[in-house]
Amino acid sequence: MIIAVASGKGGTGKTLITTALALSTGHCTYIDLDVEEPNGAIFLKPVIQHETPYNVVIPYIDKEKCTFCGLCAKACVYHALAVIPTLKNTMVFPELCHSCGVCSFVCPVKGTIDETRREIGKINKGHCGTIRFIEGRLNIGQPSAVPLIRGITSLYIPDHTDELFFLDSSPGTSCPVVETLKKSDYVLLVTEPTPFGLNDLELAVELVQDMGKKAGIIINKHDDRQTLIDDFSQRVHLPILLRIPYSMDIQEAYSRGIPLTEVRPGIKTLLKELIEQINVAGGEK
Amino acid sequence: MKMKVFIAVDSNKGLDSPLGNRFGRAGYFLVYDTAKDTVISVHENTFKDDAQGVGIKVANMAVDNGCGAAIGAQPGPKAANILAKAGIKMLVADSGTAGQAIERFKPELQG
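None of these values were measured; they are calculated from a predicted model.

### Comments concerning the overall build of chain A
Alright, step 1. The number of helices and strands found in chain A is 11 helices and 11 strands.
Alright, step 2. With respect to the principal axes defined by its C-alpha atoms, chain A has extents near 70 × 45 × 35 Å.
Alright, step 3. For chain A, buried positions account for 51% of its 285 residues.
Alright, step 4. In chain A, the proportion of contacts linking residues at least 24 apart, taken out of those at least 6 apart, comes to 73%.
Alright, step 5. Working note: accessible area of chain A is about 13500 Å², and carbon and sulfur atoms make up 53% of it.
Alright, step 6. Chain A carries 28 positive and 33 negative side-chain charges, and their two centres are separated by 5 Å.

### A word on the overall build of chain B
Alright, step 1. Of regular secondary structure, chain B possesses three helices and five strands.
Alright, step 2. What you see in chain B, going N to C, is helices and strands ordered as β-β-β-α-β-α-β-α.
Alright, step 3. Taken against the 2.2 N^0.38 rule, which gives 13 Å for 111 residues, the C-alpha radius of gyration of chain B at 12 Å falls within 12% of a compact globule.
Alright, step 4. Expressed along its principal axes, the backbone C-alpha trace of chain B runs to roughly 35 × 30 × 20 Å.
Alright, step 5. Here chain B holds 111 residues, and the buried ones make up 45% of them.
Alright, step 6. Of the contacts made within chain B by residues no fewer than 6 positions apart, 49% connect residues no fewer than 24 positions apart.
Alright, step 7. Of the roughly 5200 Å² of accessible surface on chain B, 47% is carried by carbon and sulfur atoms.
Alright, step 8. One way to put it: in chain B the 13 positive side-chain charges average out to a point 5 Å from where the 11 negative ones average out.

### As for the packing of aromatic side chains
Alright, step 1. Going through the model one piece at a time under the given rule, you end up with four aromatic pairs over all chains.
Alright, step 2. Ring geometry for Tyr30 of chain A against Phe133 of chain A: centres 5.6 Å apart, planes inclined by 15°, an arrangement best described as stacked. Of this pair, Tyr30 of chain A sits in strand E2 (residues 28-32) while Phe133 of chain A sits in strand E7 (residues 131-138); the two residues are 103 residues apart in sequence, bridging distant segments of the chain. Both residues of the pair, Tyr30 of chain A and Phe133 of chain A, belong to the buried class.
Alright, step 3. Among the aromatic residues, those joined into a cluster by ring pairs are Phe6, Phe23 and Phe29 of chain B.

### A word on helix H7 (residues 195-210) of chain A
Residue and element names in this part refer to chain A.
Alright, step 1. Compared with an ideal rise of 1.5 Å per residue, which puts 16 residues at 22 Å, H7 spans 23 Å between its outermost C-alpha atoms and is within 8% of the ideal.
Alright, step 2. When we look at burial in H7, the residues that qualify are Gly197, Leu198, Leu201, Ala204, Val205, Leu207 and Val208.
Alright, step 3. In the segment just after H7, Gly212 is the residue with positive phi, at about 70°.

### A look at the sheet that holds strand E1 (residues 2-6) of chain A
Residues and elements named next belong to chain A.
Alright, step 1. The strand order E3-E6-E7-E2-E8-E1-E9-E10-E11 describes an open sheet built from nine strands, whose pairing is mixed. In the strand order of this sheet, the two ends are held by strand E3 (47-61) and strand E11 (240-245), each with one partner. The average angle at which neighbouring strand axes cross in this sheet is 20°, direction not considered.
Alright, step 2. With 14 bridges joining them, E3 and strand E6 (residues 113-128) adopt antiparallel strand pairing. The residue of E6 that forms the bridge with Pro53 is Lys122.
Alright, step 3. In the packing of helix H5 (residues 146-156) onto the sheet, the strands contacted are E2, E3, E6, E7 and strand E8 (165-168), and the crossing angle to E6 comes to about 60°.

### A closer look at the environment of Asp159 of chain A
Residue and element names in this part refer to chain A.
Alright, step 1. For Asp159, the location among the structural elements is in the loop between H5 and E8.
Alright, step 2. When the C-alpha positions of Asp159 and His50 are compared, they lie 23 Å apart, and in sequence the two are 109 residues distant.
Alright, step 3. Apart from the residues lying within four places of it in its own chain, the contact partners of Asp159 are Ile2 and Lys183.

### A few points about unusual backbone geometry
Residues and elements named next belong to chain A.
Alright, step 1. With phi around 50°, Lys88 is a residue other than glycine that occupies positive phi space.
Alright, step 2. Along the chain, Lys88 turns up in the loop between strand E4 (81-84) and strand E5 (89-92).
Alright, step 3. Judged by its relative accessible area of 57%, Lys88 is exposed.
Alright, step 4. Although it is not a glycine, His237 adopts a positive phi angle of roughly 55°.
Alright, step 5. When you line up the elements, His237 lands in the loop between helix H8 (228-236) and E11.

### So, the side chain of Asp230 of chain A
All names here are of chain A.
Alright, step 1. Position of Asp230 relative to the elements: it lies in helix H8.
Alright, step 2. Asp230 gets classed as buried once you look at its relative accessible area, which sits at 16%.
Alright, step 3. Contact partners of Asp230, with chain neighbours within four places excluded, come to Ile219, Ile240 and Arg243.

### Notes on the interface of chain B and chain A
Alright, step 1. Across the boundary between the two partners, chain B contributes 15 residues, which contact 17 residues of chain A.
Alright, step 2. Counting the surface lost from both chain B and chain A, the interface buries some 1200 Å², and carbon and sulfur atoms represent 64% of this.
Alright, step 3. If you look at where chain B meets chain A, you find zero salt bridges.
Alright, step 4. Counting every contact that joins chain B to chain A gives three residue pairs in polar contact (both at pLDDT 80 or more).
Alright, step 5. If you list the elements that add at least two residues to the side of chain B that touches chain A, you get helix H1 (54-64) and helix H2 (77-85) of chain B.
Alright, step 6. Ranked by the residues each element gives to the side of chain B that touches chain A, the list is headed by H1 of chain B, at six residues.
Alright, step 7. Per-class residue counts for the side of chain B that touches chain A are six nonpolar, four polar and five charged.

What counts and how
Residues numbered from 1 in each chain as written. Chains lettered and ligands numbered in written order. Predicted model: local features only at pLDDT ≥ 70, side-chain atom pairs only at ≥ 80, totals over all residues. Heavy atoms only, no water. Helix = DSSP H or I, 4+ residues; strand = E, 2+ residues; numbered from the N terminus. Buried < 20%, exposed > 50% of the residue type's maximum accessible area, 1.4 Å probe, protein only. Contact = heavy atoms within 4.5 Å. Areas by Shrake-Rupley, 256 points an atom, 1.4 Å probe, with all protein chains shown as cover. Lys, Arg positive; Asp, Glu negative; His and termini not counted. Charge placed at Lys NZ, Arg CZ, Asp CG, Glu CD. Rg over C-alpha atoms; globule rule 2.2 N^0.38 Å. Phe/Tyr/Trp six-rings, centres within 6.5 Å; stacked < 30°, edge-to-face > 60°. Expected span 1.5 Å × (residues − 1). Pairing = 2+ DSSP bridges. Axes fitted to C-alpha atoms, helices over the stretch in contact; angles between N-to-C directions. Buried area = accessible area lost by both parts, 1.4 Å probe. Salt bridge = Lys/Arg side-chain N within 4 Å of Asp/Glu carboxyl O. Polar contact = N/O pair within 3.5 Å; in protein donor to acceptor, adjacent residues only side chain to side chain. Nonpolar A, V, L, I, M, F, W, Y, C, P; charged D, E, K, R; others polar.

The following block contains the structure:
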């Protein structure tokens with residue numbers, strides 16, 4: 001089963017929960033897909049065995065063959081090409097390229113546009129005891145995380161599996177999150193009982209419903225006096241699977257890179273039961 | 001010396017058009033000919049709401065129109081790169097009208 005942990009709002013506790021899930025089950029794969037700021041490694045302290053650069057394909061223009069007709073620049077919806085005929089120059093803006101290949105498709109002179117590679121990030125693989133650890137790290141300055149996330153999910157996540165996979169998502173509801181959730185069987189939405197937490201949870205619920213994913217809610221920094229998340233969960237018929245109380249010692253441990261399972265060992269049983277519960281819920285599909 | 005000038009403006013009112021405070025995402029572009037002292041063509045900016053790469057397309061428009069100078073707000077690095085490579089002189093102004101800017105940059109537009 002592939003379980004993604006997402007949130008809407010940032011800082012609600014995705015990594016706190018995902019690393020605790022991995023440490024509670026032991027035999028599983030933890031994948032940090034928050035590639036713009038991966039921090040699962042701080043808690044899992046994995047031994048990294050492989051560091052592999054991840055490349056995307058971009059056009060390479062042979063200026064000897066190019067007639068500077070400008071068709072490629074006109075066809076590129078991402079505006080990644082500019083043609084200056086008077087200077088006999090076709091400029092490529094690699095950071096805007098989405099590797100779609102339309103430029104070489106429309107080019108009238110065969111062999112003018114070839115492909116070259118550009119590194120956008122790294123994939124680190126290792127282990128933390130019996131937990132298989134994978135993370136993506138986007139290079140600084142890269143504008144899009146999606147190609148790296150897609151690369152990792154296609155390389156390392158099977159379409160269906162009986163093994164446990166935990167995917168640590170980036171916050172929000174934009175393209176990187178969509179890419180992270182695509183292969184998941186179940187989505188855990190981590191939130192906090194504040195108006196901001198609720199607002200972004202509402203957006204995240206819309207997203208998982210649009211994607212047809214099963215989902216449940218985890219309230220982190222729970223406070224008995226706040227019922228706004230409870231009210232919302234009833235309205236959208238989503239279960240609240242776990243409440244983690246607001247507590248200074250958890251926050252303090254987090255700031256030191258100490259996983260939740262060390263401060264609150266009792267959470268392991270609860271998280272194992274939670275996985276059981278969503279395993280049953282996932283089977284109802 | 002005659003020269004075509006690419007002017008980024010907010011709305012299309014000929015030389016009375018106000019300059020915008022953005023280059024790539026301006027509403028319209030006027031191509032002004034210094035020899036004829038008139039606007040010879042107007043181009044609506046169909047790229048202005050695109051997510052990325054707007055400056056590239058707009059700078060390419062200046063190149064395609066054979067302009068020797070551009071007037072407008074500070075362009076982004078990609079647009080500036082293309083303009084510089086193409087030898088198009090960038091004259092930064094983000095207030096007043098197109099006509100006032102031409103008046104102000106007269107020495108630079110002599111070539």
